[in-house]
Amino acid sequence: MLVEAWLYLLGHPAQFAKALGVHVSLSLSALALASLIAVPAGLHFAHRRAGALAAINVANIGRTLPSLAVLALAMPLLGTGFLPSLVALTLIALPPVLINTIVGVREIDPDVIDAARGMGMSGRDVLRRIELPLAVPVIFAGLRTGAVQVVSGAVLATFIGGGGLGDFITAGIAMMALPLMLVGAIPVTLLSIGADALFGALQRQLTPRGLQ
Amino acid sequence: MSWFARNWEQVAVALYEHVLIALTALAIAAAISLVLGVWAARRPRVFAATLAVTGALYTIPTLAFLALLIPVVGLGKANVIIAMVAFSLVIMTRNVATGIRDVPGDMVEAAKGMGMSARQLLARVELPLALPVIIAGLRIAAVTVISVTTVGAYVNAGGLGTLIFDGIATDNPPNIWAGALTACALAVVADLALARLEDVLRRRRRA
Amino acid sequence: MIGLKGLTKRFADEARPAVDALTLEVAEGETCVLIGPSGCGKTTTMRMVNRMIEPDAGSIEVAGRDVTHVDPIELRRSIGYVIQQIGLFPHMTIGENIATVPRLLGWDAERIAKRVDELLELVAMDPGGYRNRFPRELSGGQRQRVGVARALAADPPVMLMDEPFGAIDPITRARLQQEFLRIQERLRKTVVFVTHDIDEAIRMGDRIAILRAGRLVQYDTPEAILARPAEAFVEEFVGVDRVLKRLSLLMAGAYAAPDGGTLSAHTISASATLRDALTQLLVKDAEALTVTDDAGQRIGTLSLQRIRQAIRVQSPHSPA
């Protein structure tokens, strides 16, 4: 069956490439958008105690929502296709990145911050030279979680016409053609594992030497 | 909303199916993970291997996992339950093992010194103290399981996902709302309830 | 150099002010120790000097200018700041930590590098060996030295130190105190030093400010506070052994009677304290000690009588 799947892939390279391309671009875009929103927001909330707790609570609720439900809810509101899928996936990626950004900053030893301020660093200096470098490992752990969620969620985008590798899986199930299913299932699993490994490596690379 | 009034039975049935599947999977996973977790807690190498497997299995996308199971178990509830047991097992075993390992060494020493057997130690000291961490794992597993069950409708397992898929197929938004929002509500309620339980247990442990 | 006038701070949820109309002056090159029981306002006062806490009333003058109206960030770059837990930046090397304020001030790289090495030498740490290490590789005592070096980096005229040696073991603490005194002798910074340890205060301070419940109770030299405590509270605070503490401030060489007098087999160095001398007299069960200089030459004789006189001379209203 694996052989059949491989043969199918070789026989339909363009189709596969397109699905793969859509899947990757959906995932990357969603993660990028989520980061653009969640990291600055997280840095903002991290400095306000009440705001931080509220933000974390809301994000925690967001985290529990079934991905399929989020994608499905996008359909009546935004229709089908790439855009609704992108919006839904961005929402799915937001919670882990937001929570980790807030926690990463708040976890920093308050004495370090006190010393930094006492020495005459401005708020921006403290953020740039102290808080961000020290929070980076935790933020990247959040990005890692978000990446896996998004790659996994993008599989479900097939249900709202978003394309991606999920198309092969659903087609395969519908036609009971198992090789076709594998053409979708195996590459996307590899993609997910790869994303996890990639962000894990990035996290290690970006951790300041003094903290390792 | 009038749709809801007319079709609430359908929603109720779907919800019931959903909860049933989820609870079955969780119960099986909990039972197995308790045994495995206790076993892994005592053996550092097994523990390390468990952590590694946890990380790997958890990254497999849900639908892909269900699809990969079809050649093995076909469609239907069994498929979804196996997938969910697999995911939950992986999380809960790790949490059981971690929870037991995190029990302060001096408490274990004291208990042994009082003459407790290994089984008594486990039942009266280690498991109760590990409970908050175990519940934390149960919480993540529950949310995962509810999510997987939602997708599981696609492989004929039933549950709230059927409402969602029907709604998409017939372009009937109220159907989608009913399925999706109920699934979300279920997940949030389960998470909050278990979070509360975890909180209570942590506070009791400290006292 | 530093002038506090009517300085007051009241925190929202508290009944009385944390600092209540505090007025005192610290002369240039002097070390002023703020000491008192928990909650007396010593740390709050110190933190108002560099505006980490904003005063509610009163004024603070540093080097002639009223700092309550200048840019706090600029102010802090001109004041050295050392806290108990130090707060070294874990992700930066020792060298980068020390270079923090010079970099904020825009010094060029060469000047900074030179200064870092200079400061490491000053705190007795080999520059080559420590410059590129990370804080987690250092012991508590070493970290505290780096903390002091970091505070001195931009050569600020004023230093604020909040229990800087509090988190260290007693042996290392004594060493660090000694070293800081040595550094102070060279650099003559104006220092505000907070501590809860009266022995440390006596050792480190040119003048000691005793605070209670936000108010200044006595502000004087260590000798004066030991000899003439202003009220019962101060007496209690400095401890019942204040006479012995006073003796530890007086040198044997200064009180040796140079006359022929009774020769004693037991000797003591001129740089030892009268407290050490008293201990020796008790231990050796002697009546007098021969005081010698560094070369071992006899300077004079120190008797128990002489020690008694020393105490009385210091205090016209004789103590207990």
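Residues numbered from 1 in each chain as written. Chains lettered and ligands numbered in written order. Predicted model: local features only at pLDDT ≥ 70, side-chain atom pairs only at ≥ 80, totals over all residues.

*Asks:* So what about the overall build of chain A? Which residues, and what values?
*Replies:* Along chain A, the regular secondary structure elements total nine helices and zero strands. Considering only C-alpha atoms, chain A reaches an extent of 65 × 40 × 20 Å along its principal axes. Counting across all 212 residues of chain A, residues that qualify as buried make up 50%. Long-range contacts, defined here as pairs at least 24 residues apart, represent 76% of the contacts in chain A between residues at least 6 apart. (Helix = DSSP H or I, 4+ residues; strand = E, 2+ residues; numbered from the N terminus. Buried ≥ 20, exposed ≤ 12 C-beta atoms within 10 Å, placed from the backbone. Contact = placed C-beta atoms within 7 Å.)

*Asks:* Explain the overall build of chain C to me, and be specific about the residues and the numbers.
*Replies:* Tallying secondary structure elements over chain C gives 15 helices and 13 strands in all. Each principal axis of the C-alpha distribution contributes one length, and for chain C these read about 65 × 50 × 30 Å. In chain C, which comprises 320 residues, the proportion classed as buried is 38%. Expressed as a percentage of contacts within chain C between residues at least 6 apart in sequence, the contacts between residues at least 24 apart total 62%.

*Asks:* Residue-level account of the interface of chain A and chain B, with values.
*Replies:* In this assembly, 31 residues from chain A lie in contact with 29 residues from chain B. Going through the elements one at a time, helix 3 (49-64), helix 4 (67-78), helix 7 (123-156), helix 8 (166-175) and helix 9 (178-206) of chain A are the ones with two or more residues in the side of chain A that touches chain B. A total of eight residues in the side of chain A that touches chain B trace back to one element, the largest contributor, which is helix 9 of chain A. Of the residues belonging to the side of chain A that touches chain B, the class tally is 23 nonpolar, seven polar and one charged. (Nonpolar A, V, L, I, M, F, W, Y, C, P; charged D, E, K, R; others polar.)

*Asks:* I'd love a proper account of helix 6 (residues 110-118) of chain A, names of residues and values included.
*Replies:* Structural remark: α-helix, 3.6 residues per turn; residues separated by three or four positions point the same way. Of the residues making up helix 6 of chain A, those classed as buried are Val112(A), Ala115(A), Ala116(A), Arg117(A) and Gly118(A). Where helix 6 of chain A is buried, its residues contact helix 7 of chain A together with helix 2 (72-77) and strand 6 (79-82) of chain C. Gly120(A) sits one or two residues past helix 6 of chain A and shows a positive phi near 105°.

*Asks:* If you had to explain unusual backbone geometry to someone new, which residues and values would you point to?
*Replies:* In this model, Asp171(B) sits at a positive phi of 50°, which is unusual for a non-glycine residue. The phi angle at Asp285(C) is positive, at roughly 55°, despite the residue not being glycine. With respect to the helices and strands, Asp285(C) occurs in the loop between helix 14 (274-284) and strand 12 (288-292).

*Asks:* Pulling in residues and values, what's your account of the interface of chain A and chain C?
*Replies:* Often, the extent of an interface is quoted as the loss of accessible area on bringing the components together. Counting residues at the interface gives 18 residues for chain A, matched by 20 residues for chain C. Sorting the residues of the side of chain A that touches chain C by element identifies helix 6 and helix 7 of chain A as the ones contributing at least two each. It is helix 6 of chain A that provides the largest number of residues to the side of chain A that touches chain C, a total of six residues.

*Asks:* Would you mind going over helix 8 (residues 170-187) of chain C in detail, with residue names and values included?
*Replies:* Over its 18 residues, helix 8 of chain C extends 25 Å from the first C-alpha to the last, a length consistent with the 26 Å expected when each residue adds 1.5 Å. Arg188(C) occupies a position one or two residues after helix 8 of chain C and carries a positive phi of about 50°. (Expected span 1.5 Å × (residues − 1).)

*Asks:* A description of the sheet that holds strand 7 (residues 158-162) of chain C should follow, citing residues and the corresponding values.
*Replies:* Residue and element names in this part refer to chain C. The six strands are arranged 6-7-8-3-9-10 in an open sheet whose pairing can be described as mixed. With partners counted over all chains shown, the strands left at the sheet margins are strand 6 and strand 10 (215-220), one partner each. Strand after strand, the sheet turns through a mean of 15° between neighbouring axes, direction not considered. Sheet topology places strand 6 next to strand 7; four bridges connect them, and they run parallel. Paired with Gly80 across the strands is Met159, a residue of strand 7. (Pairing = 2+ DSSP bridges. Axes fitted to C-alpha atoms, helices over the stretch in contact; angles between N-to-C directions.)

*Asks:* Just give me the short version of the packing of helix 3 (residues 62-73) of chain B against helix 6 (residues 118-152) of chain B, but keep the residues and values in it.
*Replies:* Residues and elements named next belong to chain B. Packing of helix 3 against helix 6 leaves a shortest axis separation of 10 Å and a crossing angle of 60°. It follows from the interaxial angle that helix 3 and helix 6 lie oblique. Handedness of the crossing formed by helix 3 with helix 6: right-handed. Across the interface between the two elements, Thr62, Leu63 and Leu66 of helix 3 pack against Val148, Val151 and Gly152 of helix 6. Of the residues assigned to the contact of helix 3 with helix 6, the class counts are four nonpolar, two polar and no charged. (Parallel < 35°, antiparallel > 145°, perpendicular 65-115°, else oblique. Left-handed = near helix turned anticlockwise from the far one by under 90°.)

*Asks:* Explain the nonpolar core residue by residue, including any values.
*Replies:* By size, the foremost hydrophobic cluster in this structure holds 199 residues, and its most contacted members are Leu71(A), Ala72(A) and Val192(C). Apart from residues no more than four positions distant in its own chain, Leu71(A) is found in contact with Ser85(A), Ala88(A), Gly153(A), Leu156(A), Ala157(A), Phe159(A) and Ile160(A). Judged by nonpolar contacts, the second largest core, of twelve residues, contains Leu247(C), Ala252(C), Ala277(C) and Leu289(C). (Core = buried A, V, L, I, M, F, W, Y, C linked by C-beta atoms within 7 Å.)

*Asks:* For the packing of helix 4 (residues 77-101) of chain B against helix 6 of chain B, give the residues involved together with the corresponding values.
*Replies:* Axis angle and axis distance: for two packed helices, these are the angle between their axes and the distance between the axes, and together they describe the pair. All names here are of chain B. Where helix 4 meets helix 6, the axes come as close as 8 Å, and the angle between the chain directions of the two elements is 160°. In terms of orientation, helix 4 and helix 6 fall into the roughly antiparallel class. With respect to the hand of their crossing, helix 4 and helix 6 are arranged in right-handed fashion. When the residues that make up the contact of helix 4 with helix 6 are grouped by side-chain class, the tally is 17 nonpolar, eight polar and two charged.

*Asks:* Mind laying out the confidence of the model for chain C, listing which residues take part and the relevant values?
*Replies:* Residue and element names in this part refer to chain C. With 96% of its residues at a pLDDT of 70 or more, chain C shows a mean pLDDT of 88. Across chain C, element-level confidence peaks in strand 3 (residues 31-35) with a mean pLDDT of 96 and bottoms out in helix 15 (residues 304-314) with 78. Within the model, pLDDT remains below 50 along residues 315-320, and this stretch shows five contacts once partners closer than five positions in the same chain are excluded. (pLDDT = per-residue confidence, 0-100.)

*Asks:* I'd love a proper account of the arrangement of the chains, names of residues and values included.
*Replies:* With two pairs of chains in contact, the largest contact count belongs to chains A and B. At their nearest point, the C-alpha atoms of chain B and chain C are still 25 Å apart, with no contact between the two.

*Asks:* Can you tell me about the pairing of strand 1 (residues 2-9) of chain C, naming the residues and giving the values?
*Replies:* Residues and elements named next belong to chain C. Relative to strand 4 (residues 57-62), strand 1 is paired through five bridges, and the arrangement is antiparallel. The partner of Thr8 across the bridge, within strand 4, is Ala57. Of the pairings in the sheet, the one linking strand 1 to strand 2 (residues 19-26) comprises five bridges and is antiparallel in character. Of the residues in strand 2, the one forming a bridge with Gly3 is Glu25.

*Asks:* Residues and numbers for the pairing of strand 4 of chain C, please.
*Replies:* All names here are of chain C. When strand 4 meets strand 5 (residues 65-66), the two strands line up antiparallel, connected through two bridges. Within strand 5, the position partnered with Val62 by the bridge is Arg65. Following strand 4, the chain reverses through two residues before pairing antiparallel with strand 5; Ala63 in that reversal takes a positive phi of roughly 50°.

*Asks:* Give a description of the environment of Ala147(A) that names residues and reports values.
*Replies:* All names here are of chain A. With respect to the secondary-structure elements, Ala147 resides in helix 7. As a C-alpha pair, Ala147 and Ala32 span 115 residues in sequence and 9.7 Å in three-dimensional space. The contacts of Ala147, once residues within four sequence positions are left out, are Leu31, Ala195, Asp196 and Phe199.

*Asks:* Requested: an account of the sheet that holds strand 2 of chain C, with residues and values cited.
*Replies:* All names here are of chain C. Taken in spatial order, the four strands of this open sheet run 2-1-4-5, and their pairing is antiparallel. Pairing within the sheet leaves two strands with one partner each, and these edge strands are strand 2 and strand 5. In the packing of helix 1 (residues 42-49) onto the sheet, contacts are made with strand 1, strand 2 and strand 4, and the angle to strand 1 comes to roughly 120°.

*Asks:* Any chance you could break down the environment of Ser139(C) for me, citing the residues and the numbers?
*Replies:* The residue Ser139(C) is located in the loop between helix 6 (127-130) and helix 7 (140-152) in this model. Along the primary structure Ser139(C) and Ile168(C) are separated by 29 residues, whereas in three dimensions their C-alpha atoms are 9.7 Å apart.

*Asks:* Give a description of the environment of Val189(B) that names residues and reports values.
*Replies:* Mapping Val189(B) onto the fold places it in helix 8 (residues 173-206). Val189(B) sits 135 residues away from Thr54(B) along the chain, and the two C-alpha atoms are 26 Å apart.

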